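Observations on chain architecture
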Amino acid sequence: MLGYSHFHSFKQVVRLGVHFKFSYIPFKFYNKMSTYTSVQRGTTNTTDFKIYFKNSQGFISPFHDIPTFVDETSGIVNMVVEIPRWTNEKMEINVKEPLNPIKQDIKKGKLRFVHNCFPHVGYIWNYGAIPQTWENPEIKDEHTGYLGDNDPIDILEIGSRIAKRGEVLQTKVLGCIALIDEGETDWKIISISKSDPLAESVNDITDIDKYFPGLLKATVEWFRIYKIPDGKPENQFAFNGEFKNKDFALKIVKETRNHWCSLIAKDESKICRNNTTLNDSSHKISFEEAEDIVNQSPPFKVGEPVDDSVGKWHFLHLK
């Protein structure tokens, strides 16, 4: 296989990747030894609260500057934790804001929380995104027939530890399920932290029921009903809600990584592609510029607690 040194620039690799359906991703994207930290800015439980990310050199974009794979051969990916298990705040990488910080989603001018649909409380797994992936809203997914949702691909981590928002976990891909969310393809990759005590025993989707009985069934139910308290219909799934295995899930991860490669090479997009590590990218900025962006946000402050209504249980009459 050719190494990155055989090409003259990032743009040339991207062009070749487009031509060959991105069968090759430049080695320069990989940095297995990197560690990441998060920095909170703004006031918690308000619209100005943000979480930025840093590597050893300075601020980075969690969307563009963290590689997809830790070990592609073993199916180990990086997971940016947006939402710890048992919490309700709908936090996500903001694709349109410089450096793509994690922010709470806003709906009708208010912070968005997911409801507790009995017997579920908040999110029932650690929830986040795989960096350097993108579900393309301009191309119909060949497996589902629906356009992508314009975000990095979602990943669920099922291990025993409750993760911290803003962590970057190394997780083992186990399988996936395809949610059709308001007419858009919204893949959910299922994974387990590489450091979980059960990680060596759980290697594919078929192992989950053995070690986590009931979790896959609860996962389908959670995604099917979680928007009903907002007055929306049940969500639908491709493949009748069937979970796909590890090999299929890794294929989806690689396909969405290829879409990200096309995104980062575009001349224009509503998505912010500022980055500090992609050499020859026209959207690369200096670490000094990145720090200036972060410093424009107010300093971190603990705000008022969330309203008690967030803890309400919703009992649904389902067919």
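Residues numbered from 1 in each chain as written. Predicted model: local features only at pLDDT ≥ 70, side-chain atom pairs only at ≥ 80, totals over all residues. Heavy atoms only, no water.

As annotated in an unreviewed UniProt entry, the chain carries the name Inorganic pyrophosphatase and comes from Rhynocoris fuscipes. Regarding the chain, the relevant UniProt record gives this comment under Cofactor (unreviewed entry): "Mg(2+)". (UniProt positions renumbered as here; feature names shortened; annotations may be inferred.)

Applying the stated criterion across every chain, the model contains 17 aromatic pairs. When the centroid spacing of 6.3 Å and the interplanar angle of 85° are considered together, the rings of Phe-223 and Tyr-226 count as edge-to-face. Of the residues examined, Phe-223 reaches a relative accessible area of 1% and is grouped as buried. Using a relative accessible area of 7% as the deciding quantity, one classes Tyr-226 as buried. In this structure, Lys-244 packs its charged tip against the face of Phe-239, placed 4.4 Å from the ring centre. (Phe/Tyr/Trp six-rings, centres within 6.5 Å; stacked < 30°, edge-to-face > 60°. Buried < 20%, exposed > 50% of the residue type's maximum accessible area, 1.4 Å probe, protein only. Lys NZ or Arg CZ within 6 Å of the ring centre and 35° of its normal.)

On to the layout of surface pockets, then. Its volume calculated, the largest pocket comes out at about 780 Å³. Elements with a minimum of two residues in the lining of the largest pocket: β6 (91–93), β7 (102–104), β8 (106–107), β11 (126–129) and β14 (184–193). Class assignment for the residues of the lining of the largest pocket results in 7 nonpolar, 3 polar and 19 charged. (1 Å grid on protein atoms, 1.4 Å probe; cavity = no way out; pocket = protein on both sides within 12 Å on 5 of 7 lines; lining within 4 Å. Points joined across faces, edges and corners; volume = space filled by probe spheres on them. Helix = DSSP H or I, 4+ residues; strand = E, 2+ residues; numbered from the N terminus. Nonpolar A, V, L, I, M, F, W, Y, C, P; charged D, E, K, R; others polar.)

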